[in-house]
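Structural overview
Here are the chains, one letter per residue:
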Amino acid sequence: MSDSKITPALYVVGAGPGDPELITVKAYKILQRADVVLYDNLANKELLAITREDCEKIYVGKHPYGSYTPQEKIHELILEKARSKGTVVRLKGGDPYIFGRGFEEVLFARQHGLNTYYIPGITSMQASGLEDIPLTHRAVSEGIWAITGTKKDGSLSDDLRLAMQSNATVVIYMGMKKAEEIANTYQEAGSGNIPVAVVQHASLPHRKSATGQVKDLPQLIRENHLTHPALIIIGWVVGLELNA
Ligand code: SAH
């Protein structure tokens with residue numbers, strides 16, 4: 001086979017929050033066509049069964065004893081595989097452009113002459129609905145702030161202080177190591193009694209969640225043995241069904 005038949009392309013694809021049935025039809029179809037899939041730890045492995053038998057599947061997530069595959073290595077793989085095989089699918093948990101570095105990969109691929117495509121995914125916070133937590137609710141929450149708990153330098157986003165002053169629902173991604181800081185920030189502002197939910201493995205059969213008041217967030221996490229991957233959802237949308 002001659003290389004001239006190969007059209008190098010990168011598809012950055014959302015794998016959805018966890019439940020493999022929560023991917024889009026478009027994502028399903030491109031997985032069926034993929035020559036190579038580069039997937040990370042939050043993309044459900046069951047989705048790989050959709051691919052052709054000869055599709056090369058490469059894990060580029062966290063390794064058993066610690067470090068993540070460096071972003072430069074992923075960039076290199078995208079180029080190398082797209083040029084040698086054709087259609088590369090970069091499968092990422094949730095939506096690739098929400099705390100997913102997906103757009104960095106698209107920009108890199110474009111700079112190197114690849115055609116790029118983006119297929120949105122259901123982001124994990126949307127799976128909070130499965131725990132009876134709507135992200136907005138009339139007269140209760142007028143908006144949503146999705147915030148990272150772990151910025152590039154490892155710190156919690158300062159936006160939390162701004163978000164706290166609004167009546168929006170606050171959703172913190174990658175925030176489990178910041179529970180203490182989050183609880184203190186609310187407590188200091190006199191808002192420690194706002195309801196909080198921690199939702200782990202949202203949309204998956206082994207999902208777990210717990211609710212309480214934000215001032216008690218560290219205990220809530222400890223006592224319920226909650227751990228990564230989990231979302232912290234703060235606002236009066238939590239526990240609505242109890243007051244209905
Ligand atoms: N692009 C992803 C987010 C990646 S950042 C998305 O759109 O969902 C990783 C963070 O996402 C985790 O630390 C956790 O806060 C959240 N997350 C991803 N999948 C999750 C799941 N199934 N349940 C709970 N939190 C999840």
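Worth saying up front: this structure is predicted, and the values here are computed from it rather than measured.

**A closer look at the sheet that holds strand 6 (residues 144-148)**
If you walk across this open sheet you meet the 5 strands as 6-7-10-8-9, and the pairing is mixed. Edge positions in the sheet fall to strand 6 and strand 9 (208-213), since each has one partner strand and no second. Averaged over all pairs of adjacent strands, the angle between strand axes in this sheet comes to 20°, irrespective of strand direction.

**Comments concerning the site of the ligand**
Around the ligand sit 18 residues, and of these P17, I98, T123, S124 and A230 come closest. Interatomic distance of 2.8 Å between a backbone N/O atom of P17 and a nitrogen atom of the ligand. Note that a nitrogen atom of the ligand is positioned 2.8 Å from one of the backbone N or O atoms of D95. Contact with the protein chains hides 94% of the accessible area of the ligand, taken as 550 Å² for the molecule alone. Looking at side-chain class alone, the shell around the ligand contains 11 nonpolar, 6 polar and 1 charged residues. Per-domain counts for the shell around the ligand show at least three residues from each of domain 1 (3-119) and domain 2 (124-242).

**Comments concerning the sheet that holds strand 2 (residues 36-39)**
The strand order across the open sheet formed by 5 strands is 3-2-4-1-5, and the pairing between neighbours is parallel. Edge positions in the sheet fall to strand 3 (56-59) and strand 5 (115-119), since each has one partner strand and no second. Neighbour-to-neighbour, the strand axes of the sheet open up by a mean angle of 20°, direction not taken into account. Bridge analysis of strand 2 against strand 4 (residues 87-92) gives 4 bridges, and the strand direction is parallel. If you follow L38 over to strand 4, its bridge partner there is R90.

**Remarks on unusual backbone geometry**
Residue P229 is reached from H228 by a cis peptide bond, and omega for that bond is -5°. Structurally, the position occupied by P229 is in the loop between helix 6 (217-223) and strand 10 (230-234). In the Ramachandran plot, H225 falls in the positive-phi region, its phi being about 50° despite a non-glycine side chain. Position of H225 among the secondary structure elements: in the loop between helix 6 and strand 10. Taking relative accessible area as the criterion, H225 reaches 60% and is therefore assigned exposed.

**Side note on the pairing of strand 1 (residues 9-14)**
Strand 1 sits mainly inside the fold: 6 of its 6 residues count as buried. On strand 1, burial covers both faces: A9, Y11 and V13 on one face and L10, V12 and G14 on the other are all buried. In the sheet, strand 1 pairs with strand 4 via 6 bridges, with the strands oriented parallel. Looking across to strand 4, one finds that G14 is bridged to K92.

**Points about helix 1 (residues 25-33)**
Structural remark: α-helix, 3.6 residues per turn; residues separated by three or four positions point the same way. Every buried residue of helix 1 is accounted for by A27, I30 and L31. End-on, the buried residues of helix 1 take up no more than an arc of 105°, which puts them together on one face. Along helix 1, the residues that are exposed and aim more than 90 degrees away from the buried face are V25 and K29. Of the surrounding elements, those touching the buried residues of helix 1 are strand 1, strand 2, strand 4 and strand 5.

**Concerning the packing of helix 2 (residues 71-85) against helix 3 (residues 102-111)**
The N-to-C vectors of helix 2 and helix 3 enclose an angle of 45°; their axes lie 10 Å apart at closest approach. Here helix 2 is positioned oblique relative to helix 3, judged by the angle of their axes. For the element pair helix 2 and helix 3, the recorded crossing hand is right-handed. Here Q71, I74, H75, I78 and L79 of helix 2 lie close against helix 3, whose contacting residues are E104, E105, F108 and A109. Of the residues assigned to the contact of helix 2 with helix 3, the class counts are 5 nonpolar, 2 polar and 2 charged.

Rules and cut-offs
- Residues numbered from 1 in each chain as written.
- Predicted model: local features only at pLDDT ≥ 70, side-chain atom pairs only at ≥ 80, totals over all residues.
- Heavy atoms only, no water.
- Pairing = 2+ DSSP bridges.
- Helix = DSSP H or I, 4+ residues; strand = E, 2+ residues; numbered from the N terminus.
- Axes fitted to C-alpha atoms, helices over the stretch in contact; angles between N-to-C directions.
- Near = heavy atom within 4 Å.
- Polar contact = N/O pair within 3.5 Å; in protein donor to acceptor, adjacent residues only side chain to side chain.
- Areas by Shrake-Rupley, 256 points an atom, 1.4 Å probe, with all protein chains shown as cover.
- Nonpolar A, V, L, I, M, F, W, Y, C, P; charged D, E, K, R; others polar.
- Domains from an automatic or database assignment.
- Buried < 20%, exposed > 50% of the residue type's maximum accessible area, 1.4 Å probe, protein only.
- Arc of directions from axis to C-beta.
- Contact = heavy atoms within 4.5 Å.
- Parallel < 35°, antiparallel > 145°, perpendicular 65-115°, else oblique.
- Left-handed = near helix turned anticlockwise from the far one by under 90°.

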